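Residues per chain, in single letters:
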Amino acid sequence: MTSTLTPARKRSALTKGQLPKFAPYAVLAVALVLGAAILALIGFNAFGWGIVSAILFAAGLVGWSAAVEGSRKAKDKLATCLVVGSFLIALLPLISVIWTVLVNGIPGIITPGFLGTSMNGVTGVYDNKAVEGGAPVLGGIYHALLGTVQITLLATVISVPVGLLTAIYLVEYGNDRSVARAITFFVDVMTGIPSIVAGLFAAAFFFAVVGPGTKTGAVAAVALSVLMIPVVVRSSEEMLKIVPNELREAAYALGVRKWRTILKVVIPTAISGIASGVTLAIARVIGETAPILVTAGFATSINNNVFGGWMASLPTFIYTQILNPTSPSNPDPSSQRAWGAALVLIILVMLLNLGARLIARVFAPKTGR
Amino acid sequence: MTTTSLTNPQGAGRAGDKVFSGAALAAGCLILAVLFGVALFLVIQAIPAFTAPAEDIQGGQGFFAYIWPIVVGTLIAAIIALVIATPVAIGVALFISHYAPRRLASGLGYVVDLLAAIPSVIYGAWGAAFLAKEIAPAYDWLAKNLGWLPIFHGPASSTGKTILTAGIVLSVMVLPIITSLTREIFLQTPKLHEEAALALGATRWEMIKMAVLPFARPGIISAVMLGLGRALGETMAVALVLSSGALTASLIQSGNQTIAAEIALNFPEAGGLKVATLIAAGLVLFVITLGVNMVARWIITRHKEFSGAN
């Protein structure tokens, strides 16, 4: 193999004992052809072809390198193959998830009334009709969308002031006191609270204070706040920390009070980072299912009151439609609605992520350079 | 205005200072109170489960007999997730920090972060509808060829809804966490160490082995522990993917259950003592994850001066 691929032109002494530049491409081509040949013998599929070719490529390149360049270079090539390979492996589920949601979700989302109607009055009878007679799939996600927006909004209203003030305390007043160190440590611990435990906490709290079985949107918002506050604290703290001390000192030198310095100088300087951190925190909690499941129940009709009655949300809507289809004998319409809701949810989360990036870029403080 | 505040130290500004710093401190203390409250209210609502007669608890043999199989199930799922995710995550982090072309690196990091942005219920739906179906033939193969291993004992589940599938879905979910933490640490490796290794003639892999990995070891350990904390508490992936049952050693049969999924599946319809039992299960989960996270954070703080993962 080596002799056939060695270039004919004379090689300089400096590049002696190295693989030629085109080596990876040549090995890749050979691996693809061989992989296709092997797969043709046992039945072709694109996924298997990729895997077999990748293994052949790694083995070929490392073997060739070991023969020409020695074991150290070969090990280096092997490590490179493994590292690049692991990145490609990590991409597989991402592509697969997005593809699955797109393919299954688009039929749901283009059904008329999907975004504008609730599940109120939609029973298994209609779903059976839709499967048998080709009638349109009724029902939609309006109630769930509304619930998600209300719960998330209330959670944001609770979390942002608490989180931001805590971050201000840690950066501006903390001075590495024991209280500040305890807060930092426990905020870190809080980031690791399982979401379902946060939900159970809110449920247990309201069961004890208001009465057993209290399930409303507000309880869910409290549960989400427990998850959201540490994220807001961490990101705002990072942003406040990178505000240059010269700005604070300049304000103090002009006789400005500390609280006015913070409000008028420090926060405006860091506002882009804080806002994008808050947006990312919203993106994180908007998809939480477990805490809402145990705190807000699941409703099928529109509920405009966060403080009373069960409330639906997009994640719990997906969950219940998959696990308990509206018509147990014909789960297809339910799964179509679930995937449609999943697509809407993923679009929401991606928009929030994108928005966070835009906010960080657009509102970044002018550096004057 | 300026003159009054100069001559009058008791002016509005001073009160504002007090109010503001007081509010900031109160917000901080509220967080401590919430964390304390989480533990307190879980304990209060869970007490009936511990004091009730054994035959009233689900299963009829008391709380301990109820909880230990699902604790083991939780650990099995989390360990599968970590065994799969850790090597891949370190590889991805190395790729982004040391292998990818500079200009692509931050964009690729964003792509991996997208994995973390996808809601868990969607991973659950994907695992149940797509992955379980695709992977079922592989389980058949494992049962036929490696069936003598207790973990691959057949007959394999025909739907693919097993603890191994749930573990694979969990591994996808913890991957971005471990990746982003280890990536930060890899990027903090002192440039001089790397350049010294390269100048002595090391290949890129030898440089990573000698300079990057030893520097990052505590960070990697704590990142894996934080991933473990996430995997232990993850609910939806397991609730939707796993068709649960009694504790079994085989990973490719249906069976096993995790604490989080047990709560999610039963809590909405539960009442009375069942609620207390499930809240007690949540308390157990809380204590386990709290322990794991505190150890991870402690490792990070101990190595704070060396690493950037704080």
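Residue indices follow the written sequence of each chain, beginning from 1 at its first position. Chain letters and ligand numbers both follow the written order, the letters beginning at A and the numbers at 1. Only residues with pLDDT of 70 or above have their local features reported here, since the model is predicted, and side-chain atom pairs are shown and tallied only from 80 upward, although totals for entire chains, interfaces and linings are computed over all residues.

Trainee: Before we go on, may I ask you to explain the overall build of chain B in this structure?
Mentor: The helix count covers DSSP runs of H or I at least four residues long, the strand count covers runs of E at least two residues long, and both are numbered beginning at the N terminus. Summing up its helical and strand segments, chain B has 11 helices and 0 strands in all. Seen in sequence order, chain B has helices and strands lined up from the N terminus as α-α-α-α-α-α-α-α-α-α-α. With C-beta atoms placed from the backbone, a residue is buried if 20 or more other C-beta atoms are within 10 Å of its own, exposed if 12 or fewer are, and partly exposed between those counts. Within chain B, the proportion of its 310 residues that are buried is 49%. The long-range fraction of contacts in chain B, counting pairs at least 24 apart against all pairs at least 6 apart in sequence, stands at 77%. The contact criterion used here is simple: two residues whose C-beta atoms, placed from the backbone, lie within 7 Å are in contact.

Trainee: Sorry, what's going on with the confidence of the model for chain B here?
Mentor: Low pLDDT marks stretches whose predicted atomic positions should not be read closely. Residue and element names in this part refer to chain B. Summary of the metric used: pLDDT quantifies the predictor's per-residue confidence within the range 0 to 100. Scored by pLDDT, chain B comes out at a mean of 83, with 93% of its residues at no less than 70. Mean pLDDT across the secondary structure elements of chain B bottoms out at helix α1 (residues 2–7), with 48, and peaks at helix α7 (residues 191–199), with 91. Note on residues 1–5: pLDDT under 50 across the span, and 3 contacts to partners over four residues away in sequence or across chains. Under the prediction, the complex receives an ipTM of 0.84, its pTM being 0.85.

Trainee: Which parts of the structure should I look at to understand the nonpolar core?
Mentor: Considering soluble globular proteins, one finds that nonpolar side chains tend to be buried as a cluster. A set of buried Ala, Val, Leu, Ile, Met, Phe, Trp, Tyr and Cys residues, joined to one another through C-beta atoms within 7 Å, is what we call a nonpolar core. Core analysis: the largest hydrophobic core is formed by 197 residues, its most contacted members being F201 and A342 of chain A together with I122 of chain B. Element by element, the count of residues in this core is highest for helix α3 (residues 62–99) of chain B, at 18 residues. In contact with A342 of chain A, not counting residues within four places along its chain, are V101, G105 and I318 of chain A together with I122 and A125 of chain B. Counting 7 residues, the second largest nonpolar core, distinct from the first, contains L19, F57, V62 and W64 of chain A.

Trainee: What exactly am I supposed to notice about the interface of chain A and chain B here?
Mentor: Facing 71 residues of chain A, the contacting portion of chain B comprises 69 residues. Per element, the largest residue contribution to the side of chain A that touches chain B is 19 residues, and it comes from helix α4 (residues 71–109) of chain A. Residue composition of the side of chain A that touches chain B, grouped by class: 52 nonpolar, 11 polar and 8 charged. Only Asp, Glu, Lys and Arg are considered charged, only Ala, Val, Leu, Ile, Met, Phe, Trp, Tyr, Cys and Pro nonpolar, and every remaining residue, Gly among them, polar.

Trainee: Could you clarify how one ought to interpret helix α7 (residues 178–191) of chain A in this entry?
Mentor: The periodicity of an α-helix, 3.6 residues per turn, causes residues three or four positions apart to be oriented the same way. Residues and elements named next belong to chain A. In this model α7 runs 20 Å from its N-terminal to its C-terminal C-alpha over 14 residues, within 8% of the 20 Å that 1.5 Å per residue would give. Taken as a whole, α7 has its buried residues at I183, T184, V187, D188 and M190. Along the axis of α7, the buried positions cluster into a sector of 160°, meaning they face one direction only. Each helix should span, by expectation, one fewer than its residue count multiplied by 1.5 Å. Along the arc lie the directions from the helix axis toward the C-beta atoms.

Trainee: Explain the packing of helix α5 (residues 120–145) of chain B against helix α6 (residues 163–187) of chain B here, please?
Mentor: Helix packing for two helices is described by the angle between their axes and how far apart those axes are. Residues and elements named next belong to chain B. To obtain an axis, a line is fitted to C-alpha atoms, over the contacting stretch when the element is a helix, and the angle between two such axes runs from 0 to 180 degrees between their N-to-C directions. Packing of α5 against α6 leaves a shortest axis separation of 10 Å and a crossing angle of 135°. In this view, α5 runs oblique relative to α6, as classed from their interaxial angle. Like other packed secondary-structure pairs, α5 and α6 cross with a definite hand, here right-handed. Across from S120, Y123, G127, L131, A132 and I135 in α5, the residues of α6 making contact are T165, I168, V169, V172 and M173. Among the residues forming the contact of α5 with α6, the class breakdown is 8 nonpolar, 3 polar and no charged. The labels follow the angle: roughly parallel below 35 degrees, roughly antiparallel above 145, roughly perpendicular from 65 to 115, and oblique for the rest. The sense of a crossing depends on the near helix, which, turned anticlockwise from the far helix by less than a right angle, makes the crossing left-handed and, turned clockwise, makes it right-handed.

Trainee: In this structure, what is going on with the packing of helix α4 (residues 102–117) of chain B against α6 of chain B? I would like to understand it.
Mentor: Residues and elements named next belong to chain B. For the pair α4 and α6, the least separation of the axes is 8 Å and the interaxial angle reads 140°. Considering the angle they form, α4 stands oblique to α6. The element α4 and its partner α6 pack so that their crossing is left-handed. Counting all contacts with α4, which are made through G109, V112, D113, L115 and A116, the residues of α6 involved are V172, L175, P176, I177, T179, S180 and R183. Here the contact of α4 with α6 is composed, by residue class, of 7 nonpolar, 3 polar and 2 charged.

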